[in-house]
Amino acid sequence: MIENSKMPTHVGIIMDGNGRFAKERNLPRSLGHQEGAKNLKELLYHIYDMNLKYVSLFAFSTENFEREEKEVRFLMDLFVTLFKKELKTLKDLGVKVVFSGRKEPLPERVWEAMMDLVDATKEGTKGILNICLNYGGQYEIVDMTKKIAEKVLEGQIKIEDITKELVEKNLYQNLPPLDLIIRTSGEQRISNFMIYQAAYAEYYFTDTYFPAFKAKDFDEALIAYQNRNRRFGKNETKELSGNE
Ligand code: IPE
Ligand code: IPE
Ligand code: MG
């Protein structure tokens, strides 16, 4: 049973396995991505229904640009279609959408659809949906370093002012740390996803491919998380966020 008092504040999902889901069914990879997108919508209804406040999704990594041009183009078009189509749904749900990642080399049409979605949902108070698109955790740290270095050079801050809090304010988004990271499809790696925010996250790996990862599977991940013993480096048992 899910315990409401032990809900994670911030959940990250590495939505992996769309290609293999399609391959197993003798379908093109593009259909796997489409099925993944369809599944995501259902999953988000479930997630915001249970009052989870922060969700980060890994939609496309900086390294994913190295895939075949055809697949990259398909995914870029899918993002535009989805962001336009789901704008109203997300707005009505009260979800505020933010993005993490670099602008270059995203096609202009994708960037515009992203900005429209951000703008349309900016008043949302039910939860934050952070979509990592053209995102790499190492680049996020590089970009944060550049922002801080510029401030030092311009005399806005001194070296002594660089604290953990300042670093966090200069990441793409200033979100609470990740409590739980779910990765579908059997791979047990982080693939450059939110490496700073993942410092004390609990990991949950499942063999299920993302298009087949349903609400009940998400609940299983939550239950597994709630049974973990998070210590944060201390020797006594620290209760899960939310506390009993
Ligand atoms: C995840 O599914 C979606 C993206 C990375 C964009 P994959 O496309 O990585 O699917 P597999 O891992 O090849 O099965
Ligand atoms: C991670 O999946 C990126 C996303 C889910 C968007 P990949 O399929 O790109 O990761 P690797 O290549 O298996 O590490
Ligand atoms: Mg993959």
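Being a predicted model, the structure only gives us computed values, none of them experimental.

Novice: Lay out the packing of helix 3 (residues 69–85) against helix 5 (residues 108–120) with the relevant residues and their values.
Specialist: Interhelical geometry of helix 3 versus helix 5 gives an angle of 25 degrees and a closest axis separation of 9 Å. When the axis of helix 3 is compared with that of helix 5, the two are roughly parallel. Pair helix 3 / helix 5 crosses with left-handed handedness. Contacts from Arg73, Met76, Asp77, Phe79, Val80 and Phe83 of helix 3 reach helix 5 at Arg109, Val110, Ala113, Met114 and Leu117.

Novice: Requested: an account of the site of ligand 1, with residues and values cited.
Specialist: Every one of the 13 residues lining ligand 1 counts as a neighbour, but Asp16, Gly19, Arg20, Arg29 and Arg67 are closest to it. Within the side chain of Asp16, an N or O atom sits 2.9 Å from an oxygen atom of ligand 1. At a separation of 2.7 Å, an oxygen atom of ligand 1 approaches a polar side-chain atom of Arg67. Protein chains shield 87% of the accessible area of ligand 1, which is 370 Å² for the free molecule. Elements that contribute at least two residues to the shell around ligand 1 include exactly helix 1 (18–24), helix 2 (29–49) and helix 3. The element that contributes the greatest number of residues to the shell around ligand 1 is helix 1, accounting for three residues.

Novice: Tell me about the pattern of salt bridges, residues and numbers included.
Specialist: The full count for this structure, using the stated rule, is 21 salt bridges. Arg67 is the salt-bridge partner of Glu71, the closest N and O atoms lying 2.8 Å from each other. Among the residues examined, Glu71 registers a relative accessible area of 13% and is labelled buried. Between Arg189 and Glu187 there is a salt bridge whose closest N-O contact spans 3.5 Å. Owing to a relative accessible area of 47%, Arg189 belongs among the partly exposed residues under this scheme.

Novice: Can you tell me about the pairing of strand 1 (residues 10–14), naming the residues and giving the values?
Specialist: The buried count for strand 1 comes to five of five residues, which makes it a mostly enclosed element. Side chains His10, Gly12 and Ile14 project from strand 1 onto one buried face, and the interleaved Val11 and Ile13 project onto a second face that is buried too. Examined bridge by bridge, strand 1 and strand 2 (residues 54–61) share five bridges and lie parallel to one another. Across the sheet, the residue bridging to Ile14 is Phe58, located in strand 2. Pairing of strand 1 with strand 5 (residues 180–183), which is carried by four bridges, proceeds in the parallel orientation. Across the sheet, residue Ile13 finds its bridge partner in strand 5, namely Ile182.

Novice: Lay out helix 8 (residues 215–226) in plain terms, naming residues and giving numbers.
Specialist: Here helix 8 contains 12 residues, and its C-alpha end-to-end distance of 16 Å stays within 8% of the 16 Å for a straight helix at 1.5 Å per residue. Those residues of helix 8 that sit buried are Asp217, Phe218, Asp219, Ala221, Leu222, Tyr225 and Gln226. In this structure, the buried side of helix 8 is in contact with strand 1, helix 2, strand 5 and strand 6 (202–205).

Novice: Any chance you could break down the packing of aromatic side chains for me, citing the residues and the numbers?
Specialist: Overall, the coordinates contain nine aromatic pairs when judged by the stated rule. Ring geometry for Phe60 versus Phe79: centroids 6.1 Å apart, planes at 85 degrees, classification edge-to-face. Taken together, the positions of Phe60 in strand 2 and Phe79 in helix 3 put the pair 19 residues apart, joining distant regions of the chain. A single burial state applies to Phe60 and to Phe79, both of which are buried. For Arg25, the ring lying beneath its charged end belongs to Phe21, and the centroid distance is 3.6 Å.

Novice: Report on the sheet that holds strand 1, specifying residues and quantitative values.
Specialist: The six strands are arranged 3-4-2-1-5-6 in an open sheet whose pairing can be described as parallel. Both outer strands of the open sheet, strand 3 (95–100) and strand 6, are each paired with one neighbouring strand and no more. Averaged over all pairs of adjacent strands, the angle between strand axes in this sheet comes to 20 degrees, irrespective of strand direction. Pairing of strand 5 with strand 6, which is carried by four bridges, proceeds in the parallel orientation. For Leu180, the partnering residue across the bridge sits in strand 6 and is Glu202. Here helix 3 sits on the sheet and contacts strand 2, strand 3 and strand 4 (127–135); the angle it forms with strand 2, its principal contact strand, is near 145 degrees.

The rules we used
Residues numbered from 1 in each chain as written. Chains lettered and ligands numbered in written order. Predicted model: local features only at pLDDT ≥ 70, side-chain atom pairs only at ≥ 80, totals over all residues. Heavy atoms only, no water. Axes fitted to C-alpha atoms, helices over the stretch in contact; angles between N-to-C directions. Helix = DSSP H or I, 4+ residues; strand = E, 2+ residues; numbered from the N terminus. Parallel < 35°, antiparallel > 145°, perpendicular 65-115°, else oblique. Left-handed = near helix turned anticlockwise from the far one by under 90°. Contact = heavy atoms within 4.5 Å. Near = heavy atom within 4 Å. Polar contact = N/O pair within 3.5 Å; in protein donor to acceptor, adjacent residues only side chain to side chain. Areas by Shrake-Rupley, 256 points an atom, 1.4 Å probe, with all protein chains shown as cover. Salt bridge = Lys/Arg side-chain N within 4 Å of Asp/Glu carboxyl O. Buried < 20%, exposed > 50% of the residue type's maximum accessible area, 1.4 Å probe, protein only. Pairing = 2+ DSSP bridges. Expected span 1.5 Å × (residues − 1). Phe/Tyr/Trp six-rings, centres within 6.5 Å; stacked < 30°, edge-to-face > 60°. Lys NZ or Arg CZ within 6 Å of the ring centre and 35° of its normal.

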